[in-house]
Amino acid sequence: MERRIIKHPEDVVPIITKYAKFRQEHFGIICLDSERKVISEKCLFIGSEHKSLIDTKMLFWYALSKKASMIIVYHNHPSGGNSPSVYDVETTENLNKACKIVGVQLLDHVIITKYSYFSFLEHNLVLGKDTDKKSKVAEV
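Residues numbered from 1 in each chain as written. Predicted model: local features only at pLDDT ≥ 70, side-chain atom pairs only at ≥ 80, totals over all residues. Heavy atoms only, no water.

A few words now on the overall build of the protein. When helices and strands are counted, the protein shows four helices and five strands. Walking the protein from its N terminus toward its C terminus, one meets helices and strands in the order α-β-β-α-β-α-β-β-α. Each of the 140 residues in the protein was classed as buried or not, and the buried ones make up 44%. Intrachain contacts of the protein at a sequence separation of at least 6 include 65% that bridge at least 24 residues. (Helix = DSSP H or I, 4+ residues; strand = E, 2+ residues; numbered from the N terminus. Buried < 20%, exposed > 50% of the residue type's maximum accessible area, 1.4 Å probe, protein only. Contact = heavy atoms within 4.5 Å.)

As structure tokens, then:
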């Protein structure tokens, strides 16, 4: 079976659409190899209607156990709004810092709802404030 290649944020949507229907937040990870081929996808944490607590150690244990070169994290918003919360932005920034330490690239954080999605990469929020816009686009 040929593995799916992620070239653009919208390529993630069919993989995670199943989480849009849940009434609790589900936070998961898509592990990719160096060619952006999907190795695995797994929901790692289930929270409340408004928040899911993330255990960074567990997230990286999973990514490293799959020998991921790159990861995309995702979660659903049961409320239907796709705008990231302050907590979502902080979580993404913290995961990006941790990724740099362990040598795994954070490609994107995608929020899925029943009718839409939000990509941190598309909105220049995934790679931190110290990277210019050109390099962010070049990595997609």
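Don't stop here, the text continues.
Glancing now at the confidence of the model for the protein. Looking at the protein, pLDDT values average 89 and 89% of them are 70 or higher. Predicted confidence for residues 128–140 stays below pLDDT 50, and this span has 17 contacts to residues more than four positions away or in other chains. (pLDDT = per-residue confidence, 0-100.)

What follows covers the nonpolar core. Ile 29, Leu 59 and Ile 71 are the most contacted members of the largest nonpolar core, which totals 23 residues. The set of elements that each furnish at least two residues to this core consists of strand 1 (26–32), strand 2 (38–46), helix 2 (56–65), strand 3 (70–76), helix 3 (86–102) and strand 4 (105–112). The greatest single-element share of this core, amounting to four residues, is contributed by helix 2. Ignoring any residue separated from it by four or fewer positions in sequence, one finds Ile 29 in contact with Ser 40, Glu 41, Lys 42, Leu 44, Leu 59, Tyr 62, Ala 63, Ile 71, Ile 72, Val 73 and Tyr 74. If you look at the next biggest cluster of nonpolar residues, it comprises 16 residues, including Val 13, Ile 15, Ala 20 and Val 110. (Core = buried A, V, L, I, M, F, W, Y, C linked by side-chain atoms within 4.5 Å.)

Take helix 2 next. Within the span of helix 2, buried status applies to Leu 59, Phe 60, Tyr 62 and Ala 63. Burial along helix 2 is one-sided: seen end-on, the buried residues are contained in an arc of 155 degrees. Facing away from the buried side of helix 2 by over 90 degrees, the exposed positions are Lys 57 and Trp 61. Each element contacted by the buried residues of helix 2 is listed here: strand 1, strand 2, strand 3 and helix 3. Here helix 2 starts with a cap whose side-chain oxygen sits 3.1 Å from the backbone nitrogen of Lys 57, and that cap is Asp 55. Of the residues trailing helix 2, Lys 67 is marked for its positive phi of about 60 degrees. (Arc of directions from axis to C-beta. Polar contact = N/O pair within 3.5 Å; in protein donor to acceptor, adjacent residues only side chain to side chain.)

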